[in-house]
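Spelled out from the first residue to the last, the chains are:
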Amino acid sequence: MSPRRTTPSYGLSRSSRRPLTDRMSSAWLHRFTRHLALHGQAMAWEAVLRAERRTPSLATFMDLRLWSNGMFMWDLIETVHPREVPAELTRSLAWRYLTTASNQITAWRNDIVSLPSEMASGNHDNYVLVLAQALGCDRDVAVALVEQQIAQRIDDLPGYEHALRAQARGLSAEQAQAMTDTMTTLRTMVAAHARWVMESVRYSASHHRAA
């Protein structure tokens with residue numbers, strides 16, 4: 001038997017996952033496990049970048065950051081509600097844009113407030129640093145640009161929600177409620193993250209503000 005399979009963390013992971021797999025659909029489970037696997041790959045890639053103290057290209061970073069920020073956690077939102085979002089909606093562009101934008105908002109906020117500690121550690125896989133290198137600008141300019149992009153993504157969210165509601169018009173009342181419940185929790189999570197990065201002791205030494 002593999003040593004990894006005998007560790008307490010592996011057993012806890014399996015026991016914690018079982019109630020989810022029992023009540024969630026196979027479509028949800030496939031989406032969740034795919035996103036979890038991509039998270040692991042992204043974290044491994046980040047580890048290589050940090051070991052080599054290398055700044056990724058802007059294109060690579062934008063692909064990588066979505067998964068290193070844990071898109072699988074967006075799937076887990078559905079598990080706290082009575083019903084999951086219908087699979088046809090989760091395959092729509094509106095759903096992809098909504099979840100991607102909210103993921104980017106939290107990731108980019110974190111990159112701003114964690115910038116001093118990451119620079120002190122020699123890490124370069126931070127949006128501010130990647131953008132500064134790509135545009136040839138200084139860090140203060142890059143911070144301002146990232147803050148502007150966060151504000152723009154926040155402004156985008158209501159439009160994505162409206163598009164998703166339009167696509168859900170043919171659903172049953174229960175299915176539509178599942179979608180509404182998840183969107184409400186997602187919106188609350190994004191707002192709560194903004195408060196957390198401003199109040200967390202983890203970032204108390206940072207002089208940068210979060211948008």
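Here the structure is shown first, and the text comes after it.
Residues numbered from 1 in each chain as written. Predicted model: local features only at pLDDT ≥ 70, side-chain atom pairs only at ≥ 80, totals over all residues. Heavy atoms only, no water.

Peer 1: Looking at this model, I keep getting lost on the overall build of the protein. Mind explaining?
Peer 2: The helix and strand inventory of the protein stands at 10 helices and 0 strands. The linear arrangement of helices and strands in the protein, starting from the amino end, is α-α-α-α-α-α-α-α-α-α. Buried residues in the protein amount to 44% of all 211 residues. Taking all contacts inside the protein whose residues are at least 6 apart in sequence as the whole, residues at least 24 apart take part in 74%. As displayed, the protein offers around 11500 Å² of accessible surface, 56% of which is attributable to carbon and sulfur atoms. (Helix = DSSP H or I, 4+ residues; strand = E, 2+ residues; numbered from the N terminus. Buried < 20%, exposed > 50% of the residue type's maximum accessible area, 1.4 Å probe, protein only. Contact = heavy atoms within 4.5 Å. Areas by Shrake-Rupley, 256 points an atom, 1.4 Å probe, with all protein chains shown as cover.)

Peer 1: Would you mind going over the side chain of R109 with me for this structure?
Peer 2: Among the structural elements, R109 can be located in helix 6 (residues 93–113). At a separation of 2.8 Å, a polar atom in the side chain of R109 contacts the main-chain carbonyl oxygen of V190. (Polar contact = N/O pair within 3.5 Å; in protein donor to acceptor, adjacent residues only side chain to side chain.)

Peer 1: Could you clarify how one ought to interpret the packing of helix 9 (residues 139–167) against helix 10 (residues 173–199) in this entry?
Peer 2: Helix-helix packing: each pair is described by the crossing angle between the helix axes and the interaxial distance. Two elements in contact, helix 9 and helix 10, have axes separated by 11 Å at closest approach and are oriented at 170°. With respect to helix 10, the axis of helix 9 lies roughly antiparallel. Residues E161, L164 and R165 of helix 9 form the contact with helix 10, whose participating residues are M179, M183 and R187. The residue makeup of the contact of helix 9 with helix 10, split by class, is 3 nonpolar, no polar and 3 charged. (Axes fitted to C-alpha atoms, helices over the stretch in contact; angles between N-to-C directions. Parallel < 35°, antiparallel > 145°, perpendicular 65-115°, else oblique. Nonpolar A, V, L, I, M, F, W, Y, C, P; charged D, E, K, R; others polar.)

Peer 1: What should I look at first to understand the side chain of T106 in this one?
Peer 2: Inspection of the secondary structure assignment puts T106 in helix 6. The contact partners of T106, leaving out residues within four places of it in the chain, are N69, W74 and H193.

Peer 1: What is the right way to look at the pattern of salt bridges in this model?
Peer 2: A side chain with one charge may pair with a side chain of the opposite charge, provided their charged atoms come close. According to the stated counting rule, one finds 11 salt bridges in the structure shown. Its salt-bridge partner being R31, residue D75 comes within 2.9 Å of it at the nearest N-O pair. Of the two residues, D75 sits in helix 4 (residues 72–76) while R31 sits in helix 2 (residues 26–52), which places them 44 residues apart along the sequence. A relative accessible area of 3% means that D75 is categorised as buried. With relative accessibility at 12%, the residue R31 sits in the buried group. For the salt bridge of R65 with D111, the shortest nitrogen-to-oxygen distance reads 2.9 Å. In this pair, R65 is assigned in helix 3 (residues 58–68) and D111 in helix 6, connecting sequence segments 46 residues apart. The pair R65 / D111 is uniform in exposure class, with both members buried. (Salt bridge = Lys/Arg side-chain N within 4 Å of Asp/Glu carboxyl O.)

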